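Structure assessment
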Amino acid sequence: MSPDVDLTALTPGPHPLRNGFLRLDQRAFEAVAARTWPGADPLLPRLSRSANHGVLWFGVAAALAASRTPRARRAAARGLASLGLASLTINTLGKRSVRRARPLLDAVPRVRQLKRQPITTSFPSGHSASAAAFATGVALESPAWGAAVAPVAAAVALSRVYTGVHFPSDVVAGAALGAGAAFAVRALVPTRAQHIPPARPLAEVPALPGGEGLVMVANVASGTSDRVRALCDALPDAEVVECEPGDIPAELEKAADHARVLGVCGGDGTVNAAAEVALRHGLPLAVLPGGTLNHFAYDLGVEDVRDLCGALERGEGVRVDVGRFASGGRSGIFLNTFSLGVYPELVREREHWSSKIGGWPAGVLAAVRVLRADRHPLEAEVRGRRRPLWLLFAGNGTYHRRGLASGRRLDLADGQLDVRVVHGGRRPALRLLSAALAGPLTRSPAHAAVQVPRLRLSGVAPGTLMAFDGELTETEGDLTLEKLPEALTVYRPLPGEGGLLSLTDRTGPGDDSS
């Protein structure tokens, strides 16, 4: 027999405390076996079988992902990751460490018994571990979805005793291990709730009950129709303009002429265009995420229609920094990132191939072509010396990383540009990877990082590609990057009961306190 089903280990010697616990465990098992619960006999055995090999939880995860909300998709992914860790722990350590025989089925009515009895050791319960891991993982990311999944997970755990395949202590131990696995996953990949951006500096913005005064421009190419419909249902007095990407700039200008609040629904490039118009017209901006990545909205704390509508109706907003670049007569702003070197080249290659072979294959092909190039995409003068560079990255705000999660900005008004440079040299892929893994480390032979409010780069050849918030343009010579502190006013739900803060909190001294 394989080690995980070997039940021939020597019987341990007498131990009063352990033997007393085992007798109590046996009595609890017999009490469950003797009790008949209405409707449980046909239901719980089927539920128990459906959870074999995690099939039930994969189905629940698929249903969560089908809801198309970012929070639900993250909850599904976290639940499955927690389930995977719990299953690995149970199968490699749990079942091998305590070789406990399964309960005898004499006291269990035949109608409850599973058609195929498990042959692995009894302690701990793998089904209970998987159920608790999935439910806890979902709840850590989304308490609402966790509350919906928890009764199903509890029923699966109960079914293992009810059908006679586990003692109660097996179920309790398995559930504890499963919950522990979910918290271990959270330690490696923190939830978004652990990265709540500070609600500062607070801004005076108009409350818009029903959305009156809001003009929302939506990019139809981003697949935003469902979000726009949800917004119209929640804010019936708002004006919504849906248009093609080429019409976005003109529609934003029209909207700014009569709006109290300028709204935008689309990806990061569309949001960038709206922010530029809002800055010029002195309007607060309402951002509804509608693209693929939505970095700015998510870092701001706005994930869906509910978040944005709550902030609009309550009049909750903050001021955030804006990054600005200038090169010759060309200038612009960026809310997320600005870059020179490998990334703009990769974006250009991807756009060239995406219409022919599709988005993901184009991205892979672009990465291969750019990283195998025999030239550095960028040369610039740094501290009086001309250097080849693979990448220069500047973030609008400092990017932080916890565990294995990708970097996020915890403060959108810190006054800093997060500048990362990957030096030129052989093996660009290895250099870029080492810079990404290094995270907060500031210097190595391959890369350097610094936080500054302003950066000037000399010796940049005219025509060098640069990318800002996913858009491409070309330099016209020397380049200057700088911060515009607290330049843009945006809506975002504020922390606290109901997201409400008093007026003195908004306008009193220490305006930057949360």
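Only a predicted model underlies this, so the values are computations on that prediction, with no experimental measurement involved.

Within the secondary structure, Arg-160 sits in helix H6 (residues 143-162). Taking relative accessible area as the criterion, Arg-160 reaches 3% and is therefore assigned buried. Within polar-contact distance, the side chain of Arg-160 engages the side chain of His-127 at 3.5 Å.

All right, on to the environment of Pro-168 then. As for its position among the elements, Pro-168 is in helix H7 (residues 168-188). Of the residues examined, Pro-168 reaches a relative accessible area of 18% and is grouped as buried. Remark: the alpha-carbon pair of Pro-168 and Leu-24, spanning 144 residues in sequence, is separated by 9.8 Å. The contact partners of Pro-168, leaving out residues within four places of it in the chain, are Asp-25, Ala-28, Phe-29 and Val-161.

What follows covers unusual backbone geometry. In most cases, non-glycine residues show a negative phi, while peptide bonds are predominantly trans. Located in the positive-phi region is His-53, a residue other than glycine, with phi close to 55 degrees. Looking at the secondary structure, you find His-53 in the loop between helix H2 (40-50) and helix H3 (55-66). Among the residues examined, His-53 registers a relative accessible area of 80% and is labelled exposed. Although it is not a glycine, Asp-469 sits at a positive phi angle of roughly 50 degrees. Along the chain, Asp-469 turns up in the loop between strand S16 (465-468) and strand S17 (471-474).

Quick look at the side chain of Asp-321 now. Topologically, Asp-321 is positioned in strand S6 (residues 317-327). On the basis of relative accessibility, which here comes to 1%, the residue Asp-321 falls in the buried class. Here the side chain of Asp-321 touches Lys-483 through a polar contact of 3.2 Å, side chain to side chain. One polar contact links the side chain of Asp-321 to the main-chain amide nitrogen of Glu-486, over a distance of 2.7 Å.

Before going further, it helps to examine helix H12 (residues 305-314). Within H12, 7 of the 10 residues are buried, leaving the element largely enclosed by the surrounding structure. Every buried residue of H12 is listed here: Val-305, Asp-307, Leu-308, Cys-309, Gly-310, Ala-311 and Leu-312. Of the residues flanking the start of H12, the one acting as N-cap is Asp-304, its side-chain oxygen 3.3 Å from the backbone nitrogen of Arg-306. Gly-315, located one to two residues past H12, shows a positive phi value of around 70 degrees.

Definitions and cut-offs
- Residues numbered from 1 in each chain as written.
- Predicted model: local features only at pLDDT ≥ 70, side-chain atom pairs only at ≥ 80, totals over all residues.
- Heavy atoms only, no water.
- Helix = DSSP H or I, 4+ residues; strand = E, 2+ residues; numbered from the N terminus.
- Buried < 20%, exposed > 50% of the residue type's maximum accessible area, 1.4 Å probe, protein only.
- Polar contact = N/O pair within 3.5 Å; in protein donor to acceptor, adjacent residues only side chain to side chain.
- Contact = heavy atoms within 4.5 Å.

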